[in-house]
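# Secondary and tertiary structure notes
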Amino acid sequence: MDEPILTMDEREAINSGRWFSNLSPSLRHDILRCAHVKRFKDGDLIVARGEPPTEWTAVAKGAVRVSSTSLSGKQITLTYVEPGVWFGDVAMFDGDRRTHDAYAHGATTLLCVSRTDFQKILAQHVELYEALMRLQARRIRTLFGLVEDLNTLPLRARLAKQLLHLARSYGVPCLNDNNEVRIGLQLAQEELAQLLGASRQRVNQELKSMEREDAIRIEPGGLVLRDRPMLMRIAEAEN
């Protein structure tokens, strides 16, 4: 069900996004003025592979799970789009159909700009071209970094880096110990393994090893990072 107004927390997530917050006030105003709000329940399909592009989108709450389907019909999770991050702009330019499925992961709120309004904003704000080029450059750098890690780092180091990234994006301080951080994004070990390009069994072994070292704690509801400096050493020591 669509709601016309973002909550205060949702608006803060959009306004504090690294990319969006660096735009000029007039550009931010025009984007928000043209945008509309969509809300999804956990597991709802947001866009399907093969659909024509109709909207430029930002996550205001929750997460968007981007996935593909293997030849055997199994869904493979490729990434999660976190609050404050915009996506779908490439399709706004080239007009090609969507290349992946996108699902709501948890209760998710999106801020959407129609393709028509996107093009109008571009015509009125040349600044947006350069800003989107910088955004694409950052994505390409991140992609090359992921490819490099996949080919040069052992699973243990890649897992430590992924846990630290998830804690930065979705970390919630534990009430009984401020040094501990709970990863708020609910991930099954199979989904975590897919993000790392590894088997669930190997990821489970590495998680249990980190738990024995008191770097993390595995709970029924998710993972708690107990010693982030240790995880940073694990990620760096394997380089």
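Residues numbered from 1 in each chain as written. Predicted model: local features only at pLDDT ≥ 70, side-chain atom pairs only at ≥ 80, totals over all residues. Heavy atoms only, no water.

Another aspect to go through is the UniProt feature "domain: Cyclic nucleotide-binding" (unreviewed entry) in the protein. The sites that UniProt annotates as "domain: Cyclic nucleotide-binding" (unreviewed entry) are residues 19-139. Annotated as 32% helix and 38% strand, the span residues 19-139 places its first and last C-alpha atoms 12 Å apart. (UniProt positions renumbered as here; feature names shortened; annotations may be inferred. Helix = DSSP H or I, 4+ residues; strand = E, 2+ residues; numbered from the N terminus.)

Right, let's get into the packing of aromatic side chains. Under the definition given, this model contains seven aromatic pairs. Seen from their ring centres, Phe20 and Trp86 are 5.7 Å apart, and the 20° between their planes marks the pair as stacked. Separated by 66 residues along the polypeptide, Phe20 in the loop between helix H1 (8-15) and helix H2 (25-34) and Trp86 in strand E5 (residues 86-87) bring together distant segments of the chain. A single burial state applies to Phe20 and to Trp86, both of which are buried. (Phe/Tyr/Trp six-rings, centres within 6.5 Å; stacked < 30°, edge-to-face > 60°. Buried < 20%, exposed > 50% of the residue type's maximum accessible area, 1.4 Å probe, protein only.)

Taken together, the four strands give an open sheet; going across it, the order is E7-E8-E10-E9, and neighbouring strands pair in antiparallel fashion. This sheet does not close on itself; its edge strands, each paired only once, are strand E7 (171-174) and strand E9 (216-219). Direction aside, the axes of adjacent strands within the sheet are offset by 30° on average. Pairing geometry for E7 and strand E8 (residues 177-183), over four bridges, is antiparallel. Each bridged residue has a counterpart across the sheet, and for Gly171 the counterpart in E8 is Ile183. (Pairing = 2+ DSSP bridges. Axes fitted to C-alpha atoms, helices over the stretch in contact; angles between N-to-C directions.)

For the rest of this paragraph, the subject is unusual backbone geometry. Residues other than glycine seldom take positive phi values, yet Asp214 does so here, at roughly 65°. Looking at the secondary structure, you find Asp214 in the loop between helix H8 (200-212) and E9.

Turning our attention to the pattern of salt bridges. Tallying each qualifying case throughout the model produces 13 salt bridges. The closest approach of N and O atoms between Arg39 and Glu10, which form a salt bridge, is 2.7 Å. Placement of the pair is Arg39 in strand E1 (residues 36-40) and Glu10 in helix H1, with a sequence separation of 29 residues. Notably, a salt bridge pairs Asp44 with Lys41, separated by 4.0 Å at the nearest N-O pair. Its relative accessible area of 25% is what places Asp44 among the partly exposed residues. One salt-bridge network, held together by shared partners, links Glu180, Arg182, Asp214, Arg217, Glu219 and Arg226. (Salt bridge = Lys/Arg side-chain N within 4 Å of Asp/Glu carboxyl O.)

Counting residues in each nonpolar core, the largest one holds 28 residues, and the members touching the most others are Leu163, Leu192, Met210 and Leu231. Within the residue set of this core, elements represented by two or more residues are helix H6 (155-170), E8, helix H7 (189-196), H8, strand E10 (222-225) and helix H9 (228-237). Take this core: its biggest share by element is eight residues, from H6. Contacts of Met210, omitting those with residues within four sequence positions, involve Arg156, Leu159, Ala160, Leu163, Ala215, Ile216, Leu231 and Ile234. With 24 residues, the next largest nonpolar core counts Phe20, Ala35, Phe118 and Leu122 among its residues. (Core = buried A, V, L, I, M, F, W, Y, C linked by side-chain atoms within 4.5 Å. Contact = heavy atoms within 4.5 Å.)

Each packed pair of helices is defined by two parameters, the angle between the axes and the distance between the axes. Between H6 and H9, the shortest axis-to-axis distance is 8 Å and the interhelical angle comes to 140°. Relative to H9, H6 is oriented oblique. The chirality of how H6 crosses H9 is left-handed. Here Arg156, Ala157, Ala160, Lys161 and Leu164 of H6 lie close against H9, whose contacting residues are Arg228, Leu231, Met232, Ile234 and Ala235. (Parallel < 35°, antiparallel > 145°, perpendicular 65-115°, else oblique. Left-handed = near helix turned anticlockwise from the far one by under 90°.)

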